[in-house]
Amino acid sequence: MQEKKDAMFSYQFPDGDRRLAFSRQSSFRHWDPPLPSPSPSPSPSPLLRSHSFKPYLARSDSTVGMPLLEKPGQKDATWVALILAAVRGVANGSRPMKRLALMISLNVAYSMIELLLGLFTGRVGLVSDAFHLTFGCGILTFSLFAMGISRKKPDETYTYGYKRLEVLAAFTNALFLLFLSFSLAVEALHAFMQDESEHKHYLIVSAVTNLLVNLLGVWFFRSYARVNIVYWKPEDMNYHSVCLHVLADSIRSAGLILASWFLTLGVENAEVLCLGIVSVAVFMLVLPLFKATGSILLQIAPSNIHPSAFNKCSRQIASLEEVLEVSQARFWELVPGYSIGSLSVLVKKGVHEDRILQHVNGLYNDLGIQDLTVQIDYK
């Protein structure tokens, strides 16, 4: 019969970080003070386990009853505060943030002009392209919002802070560009089946203007104009997604210009060829970013640490004389450059836990785990 004893330790490590080791056992209970007795005893009696002890946190519980802290209208106020914080962050932000705001303004102005021209002249292609640009501006605005709000400090609701919002924005950008690649492939197939290339020469002016605006954005974020890039910070991932967004739009506009030029030379199926090449190019550009952001959001093990390294650390901990078992080891990346881990260690009863915690923390810190939670159980 195993006897597990609860332990809750706050351990101070040499690097100044505080690590919390705790056990979520059903015996970890919340005590309600007993009601006053009409005839109190002259001496205090020891606390007994009875109905006055309510389970506070247990392994078998899927939810924990907590009092509702939000008041009516507080959720809306929180969103307003986030938007105001994002606006302040952009206003006082870095040069890339201000450049992105300028580029979004230019794209919105251009898309509005294109929409009005398309409505007045009856050109469906112009209206469609205007809606495409407007949707793209919305995605870029979300990236700008993420840049501004990520500066906000952690609070009682978002205890890890808002940095991961930049990863989400980069993932949204990558997902939008993958849909753009698919839509270009469908457009190329439609042009091949319907042979409507001769009806789209008027889009040459729109493509040239759009290319000039996007080339300005490529120049702004030229330091991130690479397919495979090492992400050291979450803003690197967001800036890279913005660069790929404007670069993909530039390639799309260049493809339309090239197709129009080929048509004037009498090349058959020029639009099909150019749109197909652009579709493949955009897909190949965006796929690495999509994989990187998706991996972080799915909380897989850090890609910069080989799985065998985690197994080696577990074996080294289990080899200690005081340790009986190592289990529930989980590791993931919160944002690029910040890895988190947790594991459970079963030790012999009566063992002093400080040396074990220090040993475990040292092993995983050497691997690059910045935040480690260790649960100590006794047998």
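Cut-offs applied
Residues numbered from 1 in each chain as written. Predicted model: local features only at pLDDT ≥ 70, side-chain atom pairs only at ≥ 80, totals over all residues. Heavy atoms only, no water. UniProt positions renumbered as here; feature names shortened; annotations may be inferred. Helix = DSSP H or I, 4+ residues; strand = E, 2+ residues; numbered from the N terminus. Contact = heavy atoms within 4.5 Å. Areas by Shrake-Rupley, 256 points an atom, 1.4 Å probe, with all protein chains shown as cover. Phe/Tyr/Trp six-rings, centres within 6.5 Å; stacked < 30°, edge-to-face > 60°. Buried < 20%, exposed > 50% of the residue type's maximum accessible area, 1.4 Å probe, protein only. Lys NZ or Arg CZ within 6 Å of the ring centre and 35° of its normal. Core = buried A, V, L, I, M, F, W, Y, C linked by side-chain atoms within 4.5 Å. Expected span 1.5 Å × (residues − 1). Arc of directions from axis to C-beta. Pairing = 2+ DSSP bridges. Right-handed = clockwise from strand over helix to strand, strands pointing away. Axes fitted to C-alpha atoms, helices over the stretch in contact; angles between N-to-C directions.

The protein appears in an unreviewed UniProt entry as Zinc transporter-like protein from Rhynchospora pubera. Under the UniProt heading Subcellular location (unreviewed entry), the entry covering the protein gives this text: "Membrane".

J.: Would you mind showing me how to read the overall build of the protein here?
T.: Looking only at helices and strands, the protein features nine helices and seven strands. By sequence separation, contacts in the protein at least 24 residues apart represent 72% of the contacts at least 6 residues apart. Carbon and sulfur atoms form 63% of the exposed surface of the protein, whose accessible area is close to 22,200 Å².

J.: How should I be thinking about the environment of Lys348 in this particular structure?
T.: On the secondary structure map, Lys348 appears in the loop between β6 (338–347) and α9 (353–367). Once the C-alpha coordinates of Lys348 and Asp377 are considered, the two residues, 29 residues apart in sequence, prove to be 8.5 Å apart. Excluding residues that lie within four positions of it along the chain, Lys348 makes contacts with Glu321, Glu322, Leu324, Tyr378 and Lys379.

J.: Explain the packing of aromatic side chains to me, please; I cannot follow it from the model alone.
T.: The relative placement of two aromatic rings is captured by the distance of their centres and the angle of their planes. Under the definition given, this model contains eight aromatic pairs. On the numbers, 6.1 Å between centres and 45° between planes, the contact of Phe221 with Tyr239 is tilted. Linking Phe221 in the loop between α5 (203–220) and α6 (234–264) with Tyr239 in helix α6, this pair joins segments that are 18 residues apart in sequence. Taking relative accessible area as the criterion, Phe221 reaches 1% and is therefore assigned buried. Take Tyr239: its relative accessible area is 10%, and that puts it in the buried class. Three or more aromatic residues link up through ring pairs in this structure, and these residues are Phe221, Tyr224 and Tyr239. For the cation-ring pair, Arg222 lies above Trp219, with the distance from its terminal atom to the ring centre recorded as 3.8 Å.

J.: Explain the nonpolar core here, please?
T.: As a rule of thumb, soluble globular proteins bury nonpolar side chains together. Leu100, Leu177, Phe221, Met237, Val242, Val286 and Leu289 are the most contacted members of the largest nonpolar core, which totals 43 residues. Of all the secondary-structure elements, those providing two or more residues to this core are α2 (95–121), α3 (124–149), α4 (164–194), α5, α6, α7 (270–297) and β5 (323–335). In terms of residues, this core owes the most to one element, α4, which gives nine residues. Those residues within four positions of Val242 in sequence are excluded, and the remaining contacts are Leu100, Met103, Leu140, Ser143, Met147, Asn173 and Phe221. Of all hydrophobic cores here, the second largest spans 21 residues; its members include Phe310, Leu320, Tyr364 and Ile376.

J.: I would appreciate a short explanation of the UniProt feature "transmembrane region" (unreviewed entry) in the protein in the present structure.
T.: As recorded in UniProt, the sites labelled "transmembrane region" (unreviewed entry) are residues 100–120, 126–146, 167–189, 201–221, 242–264 and 270–290. Between the C-alpha atoms that bound residues 126–146 there is a distance of 30 Å. The span itself is 100% helix and 0% strand. Split by type, residues 270–290 is 100% helix and 0% strand. Its first and last C-alpha atoms lie 30 Å apart.

J.: Explanation requested: helix α8 (residues 307–318) in the structure shown.
T.: For α8, which comprises 12 residues, the first-to-last C-alpha distance of 17 Å matches the rise-based estimate of 16 Å (1.5 Å per residue) to within 8%. For α8, the full list of buried residues reads Phe310, Cys313, Ser314 and Ile317. The buried residues of α8 occupy an angular sector of 100° when the element is viewed end-on, so they sit on one face. In this fold, the buried residues of α8 make contact with β5, β6, α9 and β7 (369–378).

J.: Even after reading the chapter, I still don't get the pairing of β6, so can you show me in this structure?
T.: Regular strands show a simple pattern: their side chains alternate between the two faces of the sheet. Burial analysis of β6 places nine of its 10 residues in the buried class, the great majority of the element. Between β5 and the antiparallel strand that follows it, β6, lie two residues; Gly337 among them carries a positive phi value of about 90°. As a crossover connection, the stretch from β6 through α9 into β7 is right-handed.

J.: I'm lost on the sheet that holds β5 in this one. Help?
T.: In any sheet, the strands associate via hydrogen bonds between backbone groups, in a parallel or an antiparallel arrangement. Strand order across the open sheet formed by three strands is β5-β6-β7, with mixed pairing between neighbours. Looking at which strands have only one partner, the edges of the open sheet turn out to be β5 and β7. Taken over all neighbouring pairs, the strand axes of this sheet differ in orientation by 15° on average, direction set aside.

J.: When you look at the pairing of β7 in this model, what are you seeing that I'm missing?
T.: Among the 10 residues in β7, seven count as buried, and that is most of the element. Where β6 lies against β7, nine bridges are found, and the strand directions are parallel. When the bridges of β7 are listed, Leu346 appears paired with Asp377.

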